[in-house]
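# Summary of the model geometry
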Amino acid sequence: MDVKTFEAFSMRDALKAVKSHFGNDAVILNTREKKIEGAKGKLYEVTAAKNSQASIAGASRAQDGHHLRDNLVELVEYFKTLERSIKALGDDMARRQDLFRLDAGLHELRTVVYDELSRSKGSLLEGMNPGLSKIFQRLKLMGLDDSEMSKLADFLKALPFEKKADPDQLFQQYQTQAIRWMMKRIKVAPPWNPVMGERAVHVLVGSAGSGKTSAAAKIAHHYKTDHKQRVLLVAFDNKRIAAREQLRVTAKVLGMAYESIERPRDLLEILDRKKDWDLVVVDSAAECPRAKEDLGDLLDFRDVDLPVSFHLTLAMTEKEVQMDRMIRGFSHLGLQSLIFNRLDESWSYGEIFNLSLRWSLPISFFGVGRSVPEDLERASRERVVERIFGL
Ligand SMILES: Nc1nc2c(ncn2[C@@H]2O[C@H](COP(=O)(O)OP(=O)(O)OP(=O)(O)O)[C@@H](O)[C@H]2O)c(=O)[nH]1
Ligand SMILES: [Mg+2]
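Basis of the calculations
- Residues numbered from 1 in each chain as written.
- Chains lettered and ligands numbered in written order.
- Predicted model: local features only at pLDDT ≥ 70, side-chain atom pairs only at ≥ 80, totals over all residues.
- Heavy atoms only, no water.
- Near = heavy atom within 4 Å.
- Polar contact = N/O pair within 3.5 Å; in protein donor to acceptor, adjacent residues only side chain to side chain.
- Areas by Shrake-Rupley, 256 points an atom, 1.4 Å probe, with all protein chains shown as cover.
- Helix = DSSP H or I, 4+ residues; strand = E, 2+ residues; numbered from the N terminus.
- Nonpolar A, V, L, I, M, F, W, Y, C, P; charged D, E, K, R; others polar.
- Pairing = 2+ DSSP bridges.
- Axes fitted to C-alpha atoms, helices over the stretch in contact; angles between N-to-C directions.
- Contact = heavy atoms within 4.5 Å.
- Core = buried A, V, L, I, M, F, W, Y, C linked by side-chain atoms within 4.5 Å.
- Buried < 20%, exposed > 50% of the residue type's maximum accessible area, 1.4 Å probe, protein only.
- Domains from an automatic or database assignment.
- Salt bridge = Lys/Arg side-chain N within 4 Å of Asp/Glu carboxyl O.
- Parallel < 35°, antiparallel > 145°, perpendicular 65-115°, else oblique.
- Left-handed = near helix turned anticlockwise from the far one by under 90°.
- Phe/Tyr/Trp six-rings, centres within 6.5 Å; stacked < 30°, edge-to-face > 60°.
- Lys NZ or Arg CZ within 6 Å of the ring centre and 35° of its normal.

### Notes on the site of ligand 1
Not every one of the 19 residues close to ligand 1 is listed here, only the nearest: K212, T213, S214, R342 and D344. At a separation of 2.8 Å, an oxygen atom of ligand 1 approaches a polar side-chain atom of T213. At 3.2 Å, a backbone N or O of G369 approaches an oxygen atom of ligand 1. Considering ligand 1 on its own, with 650 Å² of exposed area, one finds that the protein chains cover 84% of that surface. Examining the composition of the shell around ligand 1, we find that 4 residues originate from one element, helix α9 (residues 212-226), more than from any other. Looking at the shell around ligand 1 residue by residue, the classes come out as 3 nonpolar, 9 polar and 7 charged.

Next comes the structure, spelled out in structure tokens:
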């Protein structure tokens, strides 16, 4: 791989130098700002390489913009990593500022990539008027599926808007329609209220660290305080004693009723003994199921004669492909809804839309921070589009 570093007085100029050297096959490996010794101002350094695979694939591919889209996907993943690093830095303000400056540089880089993207042949944005392409640039950045974007593009392009209108006005008109289109497609789960007075058991499942315990405590507290339900928090984690202890202590602090179980059928005995519960929220042990058999004890809930629903917690800091695999693995349980955690640490929100639509699963809650019980939002269509469109 041919790696080279370029310096300039602005990020845009450094990127131009990259482009004139490597052409459209450039892959950005690193960006950096440097102080100029003994003078004011800064130098911008971009390390880039020639994407050899793209060259092998032939010049025609190099020109149709596909590799630019691949780069863009890589960039979106990179921004996510950056966002995580910024959060992890906590109060280290000096380093934080460095990262924010780097983020500003990356923002410029993003603009350049989009400029290219909108010009490239075969691109979704090719030939779109500026009002429309601004919407799709945003949606691409938010990680929306290409297939969903082309459906939306077909819908918007068919609208009878005056294409010569003022671009800002046109953008507003298209955005309103795009929001309506998206709102119609998002499915939100109904509240976990007892149906016909029958008690319901809601089990939170998910991979390690996806926010099951935090979400269980937040949700239980939400139904207790906002819906005045009698809620029981149950720990079902035979793998780690510390996990049960974490929920027990949280329940105590929140003034919530708590029990722990060894097997799903222990619930019957508990509910027989204590009859005054409207809602039971169960926190379970981490699983990473590749096949039905990997779901272990969770499958035993099927033998318990109670209305049990399963809800999958997903951490938005994971890649979409990883979240997709989790849904596939847990789908043998018959999932009722998806709970997206760590929205506060996420930079793109298109995954919420993509996954919910792809698997026809409604969204029930969002975890928006570490604080229990505060950092919880009930999922709503408005919230999803607000986040996707940055309103
Ligand atoms: N920033 C942020 N952190 C969260 C959120 N939800 C959970 N966390 C944090 O993520 C970490 C793991 O959360 P848990 O609720 O313990 O996750 P879990 O799925 O129960 O983890 P295991 O039981 O170990 O598999 C903890 O440090 C939480 O404080 C959220 O919405 N935002
Ligand atoms: Mg846990």
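On we go.
### Some details on the sheet that holds strand β3 (residues 42-50)
Pairing between the strands of a sheet comes from backbone hydrogen bonds, and it takes one of two forms, parallel or antiparallel. Ordered by their spatial adjacency, 3 strands build an open sheet running β1-β3-β2, and the pairing between neighbours is antiparallel. Across the chains shown, the open sheet's two edge strands, defined by having one partner strand only, are β1 (3-8) and β2 (26-35). Neighbour to neighbour, the strand axes of the sheet diverge by 20° on average, direction disregarded. With respect to the sheet, helix α1 (residues 11-22) is in contact with β1, β2 and β3, its orientation differing from that of β3 by roughly 25°.

### Looking at the nonpolar core
Grouped together as the largest cluster of nonpolar side chains are 67 residues, with contacts concentrated most on L139, M182, L298, F340 and I388. Taken domain by domain, the makeup of this core includes at least three residues from each of domain 2 (96-183) and domain 3 (200-389). Once residues lying within four places of it in the same chain are set aside, the contact partners of M182 are L139, L144, F353, V385, I388 and F389. Formed by 20 residues, the second largest nonpolar core is a distinct cluster that contains I219, A220, L233 and L254.

### Focus: the pattern of salt bridges
Going through the model one piece at a time under the given rule, you end up with 16 salt bridges. With a shortest N-O distance of 2.9 Å, D146 and K140 are connected by a salt bridge. On the basis of relative accessible area, D146 is assigned to the partly exposed category, the value being 45%. Residue classification places K140 among the buried positions, given a relative accessible area of 13%. A salt bridge links D278 to R230; its shortest N-O distance comes to 2.8 Å. Here R230 lies in the loop between α9 and β5 (231-236) and D278 lies in the loop between α11 (266-273) and β7 (279-284), a separation of 48 residues in the sequence.

### Considerations on the packing of helix α7 (residues 146-157) against helix α8 (residues 167-185)
At a minimum axis distance of 11 Å, the contact between α7 and α8 shows a crossing angle of 130°. Looking at the two axes, α7 sits oblique to α8. In the packing of α7 onto α8, the handedness of the crossing is right-handed. Listed contacts from α8 to E148, K151, L152, F155 and L156 of α7 are Y174, Q177, A178, W181 and R185.

### Thoughts on unusual backbone geometry
Backbone torsion omega between V372 and P373 reads 10°, so that peptide bond is classified as cis. The backbone of R342 shows a phi angle near 60°, a positive value even though the residue is not glycine. Take R342: it is sitting in the loop between β9 (335-341) and α13 (350-358). Assessed through its relative accessible area of 31%, R342 is described here as partly exposed.

### Some remarks on the packing of aromatic side chains
Considering all chains together, one arrives at 8 aromatic pairs under this definition. Measuring from ring centre to ring centre gives 6.4 Å for W181 and F353, while their planes differ by 40°; the resulting arrangement is tilted. Separated by 172 residues along the polypeptide, W181 in helix α8 and F353 in helix α13 bring together distant segments of the chain. Its relative accessible area of 2% is what places F353 among the buried residues. Judged by centre distance (6.2 Å) and plane angle (90°), the ring pair of Y223 and F365 falls under edge-to-face. With Y223 in helix α9 and F365 in strand β10 (residues 363-367), the pair connects residues that are 142 residues apart, well separated along the chain. This pair shows no difference in class: Y223 is buried, exactly as F365 is. Taken together through their ring pairs, the aromatic side chains of W192, Y223 and F365 make up a single cluster. Between K134 and the ring centre of F171, over which it is positioned, the NZ or CZ distance is 4.2 Å.

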